[in-house]
Amino acid sequence: VVGLPPDAGHADIPPVVLAPLSLADVEVTVAILPDPDAANEGSAEAAATLIRRSTGARLTDDQTEADLVIALASIEPPALRACRSGTAVAPEAGAKVFLACERLQEWAPGRPEPDEPVTRMWLSGPGVARGRGVDILGVPEETVVELARLNAGGPRGIDTWLVDRSRRVCGIPRSSTIDVIARVA
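Residues numbered from 1 in each chain as written. Predicted model: local features only at pLDDT ≥ 70, side-chain atom pairs only at ≥ 80, totals over all residues. Heavy atoms only, no water.

An account of the overall build of the protein chain is needed here, citing residue identities and associated values.
Helix and strand counts for the protein chain stand at four helices and 11 strands. Long-range contacts, defined as pairs at least 24 residues apart, comprise 73% of the intrachain contacts of the protein chain with a sequence gap of at least 6. When the accessible surface of the protein chain is totalled, it reaches about 9,100 Å², and 52% of it is carbon and sulfur. (Helix = DSSP H or I, 4+ residues; strand = E, 2+ residues; numbered from the N terminus. Contact = heavy atoms within 4.5 Å. Areas by Shrake-Rupley, 256 points an atom, 1.4 Å probe, with all protein chains shown as cover.)

Outline the packing of aromatic side chains, supporting the account with residue identities and numerical values.
We describe a pair of aromatic rings using the distance from one ring centre to the other and the angle between the two ring planes. Summed over all chains, the structure comprises two aromatic pairs. With a centroid separation of 4.5 Å and 5 degrees between ring planes, the pair formed by Phe 98 and Trp 161 is classed as stacked. Placement of the pair is Phe 98 in strand β5 (residues 96-101) and Trp 161 in strand β9 (residues 159-164), with a sequence separation of 63 residues. (Phe/Tyr/Trp six-rings, centres within 6.5 Å; stacked < 30°, edge-to-face > 60°.)

An account of the pattern of salt bridges is requested, with residue identities and associated values reported.
All chains considered together, the criterion is met by 10 salt bridges. One salt bridge connects Glu 116 with Arg 103, and the closest N-O pair in it is separated by 2.9 Å. Here Glu 116, found in the loop between β6 (103-107) and β7 (118-124), pairs with Arg 103, found in strand β6; they are 13 residues apart in sequence, far enough to count as distant. Look at Arg 103 and you get partly exposed, because its relative accessible area is 23%. Linking Arg 149 and Glu 146 is a salt bridge whose minimum nitrogen-to-oxygen distance equals 2.6 Å. Note that Arg 149 and Glu 146 are positioned in helix α4 (residues 141-151) at a spacing of three residues, about one turn of the helix. Classification of Arg 149 as partly exposed rests on a relative accessible area of 49%. Judged by relative accessible area, Glu 146 falls into the buried class, the value being 8%. When salt bridges with common partners are traced through the structure, they connect Arg 81, Glu 146 and Arg 149 into a single cluster. (Salt bridge = Lys/Arg side-chain N within 4 Å of Asp/Glu carboxyl O. Buried < 20%, exposed > 50% of the residue type's maximum accessible area, 1.4 Å probe, protein only.)

Help me get a handle on the pairing of strand β10 (residues 168-172), residues and values and all.
Note: β9 against β10, four bridges, orientation antiparallel. Each bridged residue has a counterpart across the sheet, and for Thr 160 the counterpart in β10 is Ile 172. Turn length for the β9-β10 hairpin, with the two strands adjacent in sequence and antiparallel, is three residues, and the turn residue Arg 167 shows positive phi of about 75 degrees. (Pairing = 2+ DSSP bridges.)

Summarise the side chain of Arg 120; cite the residues concerned and give the values.
Within the element layout of this structure, Arg 120 appears in strand β7. Look at Arg 120 and you get buried, because its relative accessible area is 4%.

Give a description of the pairing of β9 that names residues and reports values.
Most of β9 is tucked away, with five of its six residues classed as buried. Across six bridges, the pairing between β5 and β9 is parallel. Looking at the pairing, Phe 98 lines up with Trp 161 of β9.

Now, about the nonpolar core: what can you tell me, with residues and values included?
Ranked by internal contacts, the top residues of the largest apolar core, which has 28 residues, are Met 121, Leu 123, Ile 136, Leu 162, Cys 170, Ile 172 and Ile 178. At the level of elements, β2 (29-33), β4 (68-71), β5, β7, β8 (132-137), α4 and β10 are the ones that each hand at least two residues to this core. Take this core: its biggest share by element is four residues, from α4. In terms of nonpolar packing, the next biggest core, distinct from the first, is built from 23 residues, Val 16, Ala 24, Val 28 and Ala 48 among them. (Core = buried A, V, L, I, M, F, W, Y, C linked by side-chain atoms within 4.5 Å.)

Hey, could you go over the environment of Ala 44 for me, with residue numbers and the actual values?
Summarising the element assignment, Ala 44 is placed in helix α2 (residues 42-55). Between the alpha carbons of Ala 44 and Ile 70 there is a distance of 9.7 Å; along the sequence they are 26 residues apart. Leave out the neighbours within four places in its chain, and Ala 44 touches Ile 32, Pro 34 and Leu 72.

I'd love a proper account of unusual backbone geometry, names of residues and values included.
Between Gly 154 and Pro 155 the backbone carries a cis peptide bond, its omega angle lying at 15 degrees. Along the chain, Pro 155 turns up in the loop between α4 and β9.

Shape is all these values report; function is a separate question.
Structure below.
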């Protein structure tokens, strides 16, 4: 879990939009999945404007066509399944998915337990040195279980980044093994 730089004049843009800016360009198609419960309905439009102006990326409403998928709120398993997961021959054709969440925190045995219900996962395998535990608030356990299923048996899968409101980021390479430990309260 690492942090994004401080706000650079885009206070109306959710932090989950800032991370994929470095991957988008004129050859990339981006889908932005709006937050259905957002008080600020303009955040999806502001995000689309920033991506279009900053990168020249093409925007689509169809996440099955997108190279990058930005979910401004947590998504359920069917929405995750709709994202491309590449093939055995072209695993890099899988979508890169950026999911907004409330809070991320590294977890290790012996640390205090969280006060709120979180989804706890253990990441291991290529791209994750020594394994890492992460507590996630704001992403349903079922979504993390579905991501683990989609990425099992690689090399195909979905590269995923979780981005919380405090700008902490957890990258999950498609080659990682994801073990959902439990819903912890």
